[in-house]
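Fold and contact review
Now for the letters of each chain:
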Amino acid sequence: MPTMSSDTDRLVTGVTARTSERGAATRVALLVAAREVFVESGFAESGVTDVVSRAGASVGSLYHHFSGKADLYLTLFDEFQIRQTQRTKQAVQAVRAEGENDPMRLFIAGARAYLEGCLAEREISALFLRGDGPPGFEVIMRDRLRQWAKRNATLFEGDEGALVVVLTGALAAAVSEVALSEDEDASRVLAEGVLAIIGQIRRP
């Protein structure tokens, strides 16, 4: 026979689950709103009140989930980078599954997936490249570029550090041009052109 304690535990568990679901929904709504507001107005010109108004939330709920406007921006950046990492990993795994082992071709497969991700999410990728981020964001970007180079280096064997730096730098420049271009068709042509040039580079 159920006891008063077990009934209370189930009630508390149910309330906690519903509260957690509401909290998660509010967090998502705030991030969606922040993305829209930052894309439309830029980070510097956007305010917390703009975000909560767009999300239909309260200032208190924003500060429950995030430390402020910069935290919203950095969370959007982190989540975008997670999606990009997944895209590149899946692309490299797919060509490896087909029997491809050439490091340059593996790199190009990952690079193409990354560029396609930038095209698929042009607004958010451009947001992070306009130079209108929170203080210190340029340091975070440089650190991510170094991490990116290290991941690229795992595709190559031996001492090919200079090659990896060149490839990563070329791709970073292409990402910036593709994301910031207002012409999507021209961006796609540019992306394919960069990949074709990279494909002509011969390993030492």
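Given the structure is predicted, the values throughout are model-derived calculations rather than measurements.

Rules used throughout
- Residues numbered from 1 in each chain as written.
- Predicted model: local features only at pLDDT ≥ 70, side-chain atom pairs only at ≥ 80, totals over all residues.
- Heavy atoms only, no water.
- Helix = DSSP H or I, 4+ residues; strand = E, 2+ residues; numbered from the N terminus.
- Buried < 20%, exposed > 50% of the residue type's maximum accessible area, 1.4 Å probe, protein only.
- Contact = heavy atoms within 4.5 Å.
- Core = buried A, V, L, I, M, F, W, Y, C linked by side-chain atoms within 4.5 Å.
- Expected span 1.5 Å × (residues − 1).
- Arc of directions from axis to C-beta.
- Axes fitted to C-alpha atoms, helices over the stretch in contact; angles between N-to-C directions.
- Left-handed = near helix turned anticlockwise from the far one by under 90°.
- Nonpolar A, V, L, I, M, F, W, Y, C, P; charged D, E, K, R; others polar.
- Phe/Tyr/Trp six-rings, centres within 6.5 Å; stacked < 30°, edge-to-face > 60°.
- Lys NZ or Arg CZ within 6 Å of the ring centre and 35° of its normal.

This part covers the overall build of the protein chain. Of regular secondary structure, the protein chain possesses nine helices and zero strands. The secondary structure elements of the protein chain, listed N-terminal to C-terminal, are α-α-α-α-α-α-α-α-α. Across the 204 residues that make up the protein chain, the buried fraction comes to 36%. Contacts in the protein chain between residues far apart in sequence, at least 24 positions, make up 70% of those at least 6 positions apart.

Moving on to the nonpolar core. In terms of nonpolar packing, the biggest core is built from 25 residues, with Phe107, Leu115, Phe156, Leu167, Leu171, Val175 and Ile198 touching the most fellow members. Mapped by element, the contributors of at least two residues to this core are helix H5 (103-120), helix H7 (137-153), helix H8 (161-180) and helix H9 (184-200). It is H5 that contributes the most residues to this core, nine residues altogether. The residues touching leucine 171, leaving out its near neighbours within four places in the chain, are Phe107, Ala111, Leu115 and Trp148. Of all hydrophobic cores here, the second largest spans 21 residues; its members include Ala33, Val37, Leu76 and Leu127.

Before going further, it helps to examine H8. In a regular helix each residue adds 1.5 Å, so 20 residues correspond to 28 Å; H8 covers 29 Å between its end C-alpha atoms and thus fits that length. Every buried residue of H8 is accounted for by Leu163, Val164, Leu167, Thr168, Leu171, Ala174, Val175, Val178 and Ala179. End-on view of H8: buried residues confined to an arc of 125°, all on one side of the axis. Set apart from the buried face of H8 by more than 90 degrees, the exposed residues are Ala162, Val165, Val166 and Glu177. For H8, the secondary structure elements touched by its buried residues are H5, helix H6 (122-127), H7 and H9.

What follows is about the packing of helix H4 (residues 69-97) against H5. Running from N to C, H4 and H5 point in directions that differ by 145°, and their axes come no closer than 8 Å. Of the two possible hands of crossing, H4 and H5 adopt the one that is right-handed. Listed contacts from H5 to Phe80, Gln81, Gln84, Arg87, Thr88, Ala91, Val92, Val95 and Arg96 of H4 are Leu106, Ala109, Gly110, Ala113, Tyr114, Gly117 and Cys118. Here the residues of the contact of H4 with H5 are counted per class, giving nine nonpolar, five polar and two charged.

Counted by the stated rule, this structure contains ten aromatic pairs. Aromatic pair phenylalanine 43 and tyrosine 73: ring centres 5.1 Å apart, planes at 70°, arrangement edge-to-face. Placement of phenylalanine 43 in the loop between helix H1 (4-41) and helix H2 (48-55) and of tyrosine 73 in helix H4 is noted, with a sequence separation of 30 residues between them. Using a relative accessible area of 0% as the deciding quantity, one classes tyrosine 73 as buried. A cation over an aromatic ring shows up here: lysine 69 above the ring of phenylalanine 43, its NZ or CZ 4.4 Å from the ring centre.

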